[in-house]
Amino acid sequence: MALDSKVPQGPIKDKWTDYKNHIDLVNPANKRHIDVIVVGTGLAGGSASATLAELGYNVKAFAYQDSPRRAHSIAAQGGINAAKNYQGDGDSTYRLFYDTVKGGDYRSREANVYRLAEVSANIIDQCVAQGVPFARDYGGLLDNRSFGGVLVSRTFYAKGQTGQQLLLGAYSAMNRQIARGKIEMFNRHEMLDVVVVDGKARGIIARNLVTGEIERHSAHAVVIASGGYGNVYFLSTNAMGSNVTAGWKIHKKGAHFANPCYTQIHPTCIPRSGDYQSKLTLMSESLRNDGRIWVPKNMEDVLAIREGKKKPTDLSEAERDYYLERRYPAFGNLVPRDVASRAAKERCDAGYGVNATGEAVYLDFASAIIRYGNEQAKIKNIKNPSDTKVQELGKAIVKAKYGNLFQMYEKIVDENPYETPMMIYPAVHYTMGGVWVDYNLMTTIPGCYAIGEANFSDHGANRLGASALMQGLADGYFVLPYTIGDYLADDIRTGKISTDTPEFEAAEKEVSERIEFFINNKGTHSVDYYHKKLGKIMWDKCGMSRNEAGLKEAIEEISALRKDFWKNVNVPGTATEYNEQLAKAGRVGDFLELGELFAKDALVREESAGGHFREEYQTEDGEAKRIKEFQFVSAWEYKGEPKDAVLHKEELVYDNIEVKERSYK
Ligand SMILES: Cc1cc2nc3c(=O)[nH]c(=O)nc-3n(C[C@H](O)[C@H](O)[C@H](O)COP(=O)(O)OP(=O)(O)OC[C@H]3O[C@@H](n4cnc5c(N)ncnc54)[C@H](O)[C@@H]3O)c2cc1C
């Protein structure tokens, strides 16, 4: 199939404006006759639902949690990017665009990214108007901090709870529309299939997770905003419920997947502590603004620390290797996530990891505490402050900036990060891959859209920090509400879509049969048994380090595991009650299919890109040696995407890779 990205012609900076000026619109009276289903009410789906309803469409919104407020978006800590240039440090739409494309190893669709950078500033205005309590500086203006891979401060934040505050904003906007009757909210409902009628998405089959009832819902268009699928690795920083089911079901009905194997491995997570762990915890990237990353220089010190004979604070500056500052002086500790993750892994693989498993590096705030303490002493006019006073003043500033993150770390690890460096290690965090969408955010099923982390379009092989919230809200507040009108303009006379059709019947039957299978199978192994096994294969063979032989093994192992799952899985309870294991069985069944596609995609990508190393393409000290020619969509299935070529010439500075000439045509 030939994929048509539908990227408008013309200079990149004018594309979106020109396009918006010419696409079809639906007049307000006609919008009242059009229904839109939105699956997912995180930041992407919540903002889309509220905006579509505000425009006049009838929205049916679905979430498997008991409230939109519990979407995984709530976990976002660090912040949201916008090219406002409030700091006067040289930021601009172009720079945000450029950083995003470059940060993604030149594997994103530039036209989408330029539009994202353009609307980023509107997002902040929108959220401030909703009352989102962004941090403010002394003068009362909105404050910014820096995230990895950029040389400006453009990240807006609300302490370490940015996602939560933004979600409350979107949720309030949704609630207004729920009260007006323009959004019908289906909490605790899981979409289990999409219904395609005459080649168009016309509805979904959903299961009421409380009663077990299977329901048919129709609409003129379906929007998938179901988030990322990092939990295919079992252990990740994602919420426990995050899954691929909605994206996978539409994939099976004709929506293509793009870049499934591009996963972001976040460098600052609390290291794994043992085999019985079900979740990993992120320490926000914002900590790299002030924290310095290091491992001991000498192996004797590494061993002494592991054996408890030495503490990290016993090591002098000269005995520490601040390896990011050493290797990447321009960006220092704020290199992009993929670079920081690979560098941490490289040090740990070389034996310098500082905890019992050998999988941890230090994130140290001692210098920041002293720097802030001295600054505060000057501000407060304290002459010759004692060390204790400097520490006290400095810790107060660090607490004001990152207090809740430090508290979280202490609760999990039982060590005080104000006194001793944190230990961190890379972990699965975000999936850049996802459902393929065109410029309108429409999938390859007409009338079916994908937004937020569920789609693939904006982040290439590596997403820069604080750009997911930006993309989710850009899609939901400012892009989809325009582009969907262009499609729905043809539907103003269609009338209500009936659910009493063979297509709904067939989809419902398939869903019911699968549920009956799970309940009646009475096999020998739990759902988690399979999920854990899948996660181990994924991490060991499709994780940061990949090689041809390992990927081939992974494909076979996943396929065998899937067969075993469909023979021997055991799901307790019944289908007519709230049954978390039953819901999870369906999700793991889908992960077992996605995992294989993922490994096949990784296999054909003979490249090191983003957080992934093809071992054939790395140097001895763990750097990417070469990046093969651009392969846009998973070459396993589809090839050949028309591209804009705005960044013809580029040198990737992060890894000193010689990639001088690059054409996307
Ligand atoms: C710990 C952590 C911290 C992060 N911090 C930041 C940050 O500081 N800045 C940043 O930019 N990004 C951050 N990210 C990434 C960012 O939080 C996510 O990418 C983003 O919130 C995803 O939003 P979303 O709306 O696409 O999906 P989600 O918030 O995951 O929402 C998914 C929605 O889909 C629903 N759903 C899913 N499947 C179904 C189904 N089958 N049926 C019905 N409903 C379904 C869920 O109920 C939910 O409502 C962080 C991620 C993590 C894990």
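Just so it is clear, the structure is predicted and the values come from calculations on it, not from any experiment.

## Description of the layout of surface pockets
If a probe the size of a water molecule is rolled over the atoms, the empty space left behind becomes visible. Taken as a whole, the second largest pocket holds about 680 Å³ of empty space. Lining the second largest pocket are 29 residues, with Leu235, Arg272, Lys536, Trp539 and Asp540 positioned closest to its centre. Breaking the lining of the second largest pocket down by element, the ones donating at least two residues are helix H10 (337-352), strand S15 (422-431) and helix H15 (527-542). Among the elements that line the lining of the second largest pocket, the one with the most residues is H15, at six residues. In terms of residue class, the lining of the second largest pocket is built from 13 nonpolar, six polar and ten charged.

## Quick word on unusual backbone geometry
Trans is the prevailing form of peptide bonds, just as negative phi is the prevailing case for residues other than glycine. We note that Asp198 has phi near 50°; this positive angle belongs to a residue other than glycine. With respect to the helices and strands, the residue Asp198 is situated in the loop between strand S6 (189-197) and strand S7 (200-208). For Asp198, a relative accessible area of 73% puts it in the exposed group. Of note, the phi angle at Asn259 is positive, near 50°, even though the residue is not glycine. Here Asn259 shows up in the loop between strand S10 (257-258) and strand S11 (263-269).

## Some details on the confidence of the model for the protein chain
When pLDDT is averaged along the protein chain, the result is 90, and 92% of the positions lie at 70 or above. Between residues 626-665, whose pLDDT stays under 50, and residues either more than four places distant or in other chains, the model counts 118 contacts.

## A word on helix H14 (residues 502-521)
The end-to-end C-alpha separation of H14 is 28 Å, in line with the 28 Å expected for 20 residues at 1.5 Å each. Here H14 has its buried residues at Phe504, Ala507, Val511, Arg514, Ile515, Phe518 and Ile519. The buried residues of H14 occupy an angular sector of 135° when the element is viewed end-on, so they sit on one face. Exposed side of H14, more than 90 degrees from the buried face: Pro502, Lys509, Glu510 and Asn520 are the residues found there. Each element contacted by the buried residues of H14 is listed here: S6, S7, strand S8 (214-218), helix H7 (245-252), helix H16 (548-568) and helix H17 (580-604). The positive-phi residue at the C-terminal boundary of H14 is Lys522, with phi of around 50°.

## Structural notes on the site of the ligand
With respect to spatial proximity, 38 residues lie near the ligand, and among them Gln65, Ser73, Gly78, Met191 and Glu453 are the closest. Backbone polar atom of Gly79 to a nitrogen atom of the ligand: 2.8 Å apart, as the coordinates give it. Ser467 places a polar main-chain atom, nitrogen or oxygen, 3.4 Å from an oxygen atom of the ligand. The fraction of the free accessible surface of the ligand (1000 Å²) that becomes covered by protein chains is 97%. Broken down by secondary-structure element, the contributors of at least two residues to the shell around the ligand are helix H3 (43-55), S6, S15 and helix H13 (468-488). Examining the composition of the shell around the ligand, we find that three residues originate from one element, S6, more than from any other.

## With respect to the environment of Ile34
When you line up the elements, Ile34 lands in the loop between helix H2 (28-31) and strand S1 (35-39). Taking the C-alpha atoms as reference, Ile34 lies 5.7 Å from Tyr57; in sequence the two are 23 residues apart. Ignoring anything within four residues of it in the chain, the contact list for Ile34 reads Val26, Tyr57, Asn58, His220, Leu488, Asp491 and Ile492.

Rules of the game
- Throughout this document, residue positions are counted from 1 along each chain, in the order its sequence is written.
- With the structure being a predicted model, the display of local features is reserved for residues of pLDDT at least 70 and the display and counting of side-chain atom pairs for 80 or more, all residues being used for whole-chain, interface and lining totals.
- Heavy atoms throughout the structure, all of them, feed into the side-chain values; hydrogens and water do not.
- Throughout, the protein atoms alone are placed on a 1 Å grid, and a set of points is a cavity if a 1.4 Å probe fits but cannot get out or a pocket if it is open with protein on both sides within 12 Å along at least five of seven lines; lining residues have an atom within 4 Å of a point.
- Grid points are joined across faces, edges and corners, and a volume is the space filled by probe spheres set on the points.
- Every helix listed is a DSSP run of H or I at least four residues long, and every strand listed is a run of E at least two residues long, numbered separately from the N terminus.
- Throughout this entry, Asp, Glu, Lys and Arg are counted as charged residues, while Ala, Val, Leu, Ile, Met, Phe, Trp, Tyr, Cys and Pro are counted as nonpolar. The remaining residues, Gly among them, count as polar.
- Whether a residue is buried, partly exposed or exposed follows from its accessible area with a 1.4 Å probe, protein chains only, as a fraction of its type maximum: under 20%, in between, or over 50%, in that order.
- In predicted models, pLDDT denotes the confidence assigned by the predictor to each residue on a 0 to 100 scale.
- Residue contacts are counted whenever heavy atoms from the two residues lie within 4.5 Å of one another.
- Expected helix span is taken as 1.5 Å per residue step, with the number of steps being one fewer than the number of residues.
- This arc corresponds to the set of directions leading from the helix axis out to the C-beta atoms.
- For each residue, the test is whether any non-hydrogen atom lies within 4 Å of the molecule or strand; if one does, the residue is near.
- Throughout this description, a polar contact denotes any pair of N or O atoms lying within 3.5 Å of each other; where both atoms belong to protein, one of them has to be capable of donating a hydrogen while the other can accept it, and for residues adjacent in sequence the pair is counted only when both atoms sit in side chains.
- Using a 1.4 Å probe, accessible areas were evaluated by the Shrake-Rupley method; residue-level cover was limited to the displayed protein chains.

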